[in-house]
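Close look at the chain arrangement
Listed here are the chains, written in short residue letters.
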Amino acid sequence: QVQLQESGGGLVQTGDSLTLSCAASGRAFSSYAMGWFRQAPGKEREFVAGISWSGGNTYYGDSVKGRFIISRDNRKNTVNLQMNSLKPEDTAVYYCAADWAGRYASTRVATSKSDYDSWGQGTQVTVSS
């Protein structure tokens with residue numbers, strides 16, 4: 001199983017940009033499809049973005065499409081989430097997650113949190129208005 005650690009969260013203003021990073025350790029990171037989720041107080045954890053193990057396929061939640069970019073570097077065992085044009089409604093704890101079943105399909109990007117096997121501890125992002 002892979003272990004995940006997020007970093008890069010913080011307090012920013014509306015319209016700012018921020019990049020989150022997720023460092024992975026353990027077995028076969030390059031075989032996992034990866035995702036970012038977020039959870040605001042009192043709300044369900046929601047899918048933000050995902051990337052296939054190959055990096056060739058990405059998928060975004062409707063609320064971040066066109067503003068966020070997910071990428072990965074399989075040599076460095078990292079996955080990043082570049083967040084642009086941040087809004088107060090982007091305020092949440094952001095989690096990195098790994099999908100082991102993603103190894104079976106080079107284009108697989110799961111959007112359901114139940115598809116992900118490993119999770120990081122999360123990093124807080126706060127966007128002030």
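About the thresholds
Residues numbered from 1 in each chain as written. Predicted model: local features only at pLDDT ≥ 70, side-chain atom pairs only at ≥ 80, totals over all residues. Heavy atoms only, no water. Disulfide = S-S within 2.5 Å. Helix = DSSP H or I, 4+ residues; strand = E, 2+ residues; numbered from the N terminus. Buried < 20%, exposed > 50% of the residue type's maximum accessible area, 1.4 Å probe, protein only. Pairing = 2+ DSSP bridges. Axes fitted to C-alpha atoms, helices over the stretch in contact; angles between N-to-C directions. Lys, Arg positive; Asp, Glu negative; His and termini not counted. Salt bridge = Lys/Arg side-chain N within 4 Å of Asp/Glu carboxyl O. Polar contact = N/O pair within 3.5 Å; in protein donor to acceptor, adjacent residues only side chain to side chain. Contact = heavy atoms within 4.5 Å. Core = buried A, V, L, I, M, F, W, Y, C linked by side-chain atoms within 4.5 Å.

**Some thoughts on the state of the cysteines**
- Taken as a whole, this structure holds 1 disulfide when the rule is applied.
- Shown here is the disulfide that connects cysteine 22 with cysteine 96, its sulfur atoms set 2.1 Å apart. Disulfide cysteine 22-cysteine 96: torsion about the S-S bond near -80°, hence left-handed. Of this pair, cysteine 22 sits in strand S3 (residues 18-26) while cysteine 96 sits in strand S9 (residues 92-99), and the two are 74 residues apart along the sequence. The burial state of cysteine 22 is the same as that of cysteine 96; both residues are buried.

**Focus on the sheet that holds S3**
- Within the open sheet, the 4 strands sit side by side as S1-S3-S8-S7. Their pairing is antiparallel. The open sheet has two free edges, formed respectively by strand S1 (2-7) and strand S7 (68-73), since each of these has just one partner strand. On average, adjacent strands in this sheet sit at an angle of 15° to one another, irrespective of strand direction.
- Summarising the sheet, S1 and S3 pair through 6 bridges and their orientation is antiparallel. Bridging from a neighbouring strand, glutamine 5 pairs with alanine 23 of S3.

**Section: the side chain of arginine 72**
- Summarising the element assignment, arginine 72 is placed in strand S7.
- Buried arginine 72, no salt bridge; nearest opposite-charge side chain is aspartate 73, N-O distance 8.2 Å.
- Looking at arginine 72, its side chain comes within polar contact range of the main-chain oxygen of phenylalanine 29, at 3.1 Å.
- A polar atom in the side chain of arginine 72 sits 2.9 Å from the backbone oxygen of serine 52.
- Non-local contacts of arginine 72, meaning those with residues more than four positions away in its chain, are made with Phe29, Ser30, Tyr32, Ala33, Met34, Ile51, Ser52, Trp53, Gly55, Thr78 and Val79.

**Details of the nonpolar core**
- Counting residues in each nonpolar core, the largest one holds 28 residues, and the members touching the most others are Met34, Trp36, Leu81, Met83 and Tyr94.
- Going through the elements one at a time, S1, S3, strand S4 (33-39), strand S5 (46-51), S7, strand S8 (78-83), S9 and strand S11 (123-128) are the ones with two or more residues in this core.
- Excluding anything up to four places from it in sequence, methionine 83 contacts Asp16, Ser17, Leu18, Leu20, Arg67, Phe68, Tyr94 and Val125.
- One finds Phe37, Phe47, Ala97 and Val109 within the second-largest nonpolar core, a separate group that totals 6 residues.

**Here's the deal with the pairing of S4**
- Counting buried residues in S4 gives 6 out of 7 residues, a clear majority hidden from the surface.
- Bridge count between S4 and S9: 7 bridges; the pairing is antiparallel. Pairing of glutamine 39 across the sheet is with valine 93, part of S9.
- Relative to S5, S4 runs antiparallel, the two being bridged by 5 bridges. Counted as the bridge partner of tryptophan 36 is alanine 49 from S5.
- Hairpin connection, S4 to S5: the antiparallel pair is bridged by 6 residues, and glycine 42 has positive phi, about 75°.

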